[in-house]
Amino acid sequence: MNLIEDRIRAVLVARYKLAIDELTTLNGGYRSDETFLLVTEEQTKYVVKYIRYSFSAQFLRTVLKFENFLRNAHAYPCAQILLTDDEDVLVVDDDRLLFVQTFIEGVEPTREIIDRDDDYLN
């Protein structure tokens, strides 16, 4: 385990009260040390973002709250942002921001999928 993973585990236990079975890097993120797959002891999957962010924490907090609003009030098909033990959507941890969202199983678009639907990339 590396220092970042150790720090994420500490935050997840302290602020989210999650029982961690696995925490692994999730490929496909903007940076390799910012996106993680969390599997709890109950085998529930989450995505953990532990990011350096160029805008304010309050701006990201607003975006995450809006995502939950869309999902909860309008059944918009997006991930749910988990709340911390003090009902926040975001943890400020030194120079990084951490949030946890539900994992949505999907597939990476292949050329065949894109060719089948020209509007896919629009």
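Residues numbered from 1 in each chain as written. Predicted model: local features only at pLDDT ≥ 70, side-chain atom pairs only at ≥ 80, totals over all residues. Heavy atoms only, no water.

Caption draft 1: Expanded view of the nonpolar core. Among the nonpolar cores identified, the biggest contains 16 residues, and Ile8, Leu12, Tyr16, Leu38, Val48, Leu98 and Val100 are the most heavily contacted of them. Those elements giving two or more residues to this core turn out to be helix H1 (3-16), strand S1 (20-25), strand S2 (35-40), strand S3 (45-51) and strand S5 (96-102). Here the element with the most residues in this core is H1; it accounts for four residues. What Leu98 contacts, discounting residues up to four positions off in sequence, is Ile8, Val11, Leu12, Tyr16, Val48, Lys49, Tyr50, Val89, Leu90 and Val91. Residues Ile51, Val89, Leu90 and Leu97 belong to the second largest nonpolar core, which totals eight residues. (Core = buried A, V, L, I, M, F, W, Y, C linked by side-chain atoms within 4.5 Å. Buried < 20%, exposed > 50% of the residue type's maximum accessible area, 1.4 Å probe, protein only. Helix = DSSP H or I, 4+ residues; strand = E, 2+ residues; numbered from the N terminus. Contact = heavy atoms within 4.5 Å.)

Caption draft 2: Broad picture of the side chain of Thr35. In this structure, Thr35 sits in strand S2. Note on Thr35: relative accessible area 6%, which makes it buried. Of note is the side chain of Thr35, whose polar atom sits 2.7 Å from the side chain of Lys49. (Polar contact = N/O pair within 3.5 Å; in protein donor to acceptor, adjacent residues only side chain to side chain.)

Caption draft 3: Seen up close, the pattern of salt bridges. Counted under the stated rule, the structure contains eight salt bridges. Among the salt bridges present, the one from Arg52 reaches Asp95, with a minimum N-O distance of 3.1 Å. Here Arg52 is found in the loop between S3 and helix H2 (57-74), whereas its partner Asp95 is found in the loop between strand S4 (91-93) and S5, with 43 residues between them in sequence. Three or more residues are tied together by salt bridges with common partners; here these are Arg15, Lys17, Asp85 and Asp86. (Salt bridge = Lys/Arg side-chain N within 4 Å of Asp/Glu carboxyl O.)

Caption draft 4: Broad picture of the side chain of Thr84. Its location among the elements puts Thr84 in the loop between H2 and S4. Other than its neighbours up to four places away in sequence, Thr84 contacts Arg15, Tyr16 and Val91.

Caption draft 5: View of a negative patch on the surface. Taken together, Asp21, Glu22, Glu41 and Glu42 make up a surface patch of like negative charges. With respect to the helices and strands, Glu42 occurs in the loop between S2 and S3. (Patch = residues over 30% accessible without salt bridge, like charges linked within 9 Å, V, L, I, M, F, W, Y side chains within 5 Å. Areas by Shrake-Rupley, 256 points an atom, 1.4 Å probe, with all protein chains shown as cover. Lys, Arg positive; Asp, Glu negative; His and termini not counted. Charge placed at Lys NZ, Arg CZ, Asp CG, Glu CD.)

Caption draft 6: The arrangement of H1 in detail. In a regular helix each residue adds 1.5 Å, so 14 residues correspond to 20 Å; H1 covers 19 Å between its end C-alpha atoms and thus fits that length. The elements touched by buried residues of H1 are S1, S2, S3, S4 and S5. Where H1 begins, the capping side chain belongs to Asn2, and its oxygen is found 3.0 Å from the backbone nitrogen of Ile4. (Expected span 1.5 Å × (residues − 1).)

All quantities given are derived from atomic positions and should not be read as evidence of function.
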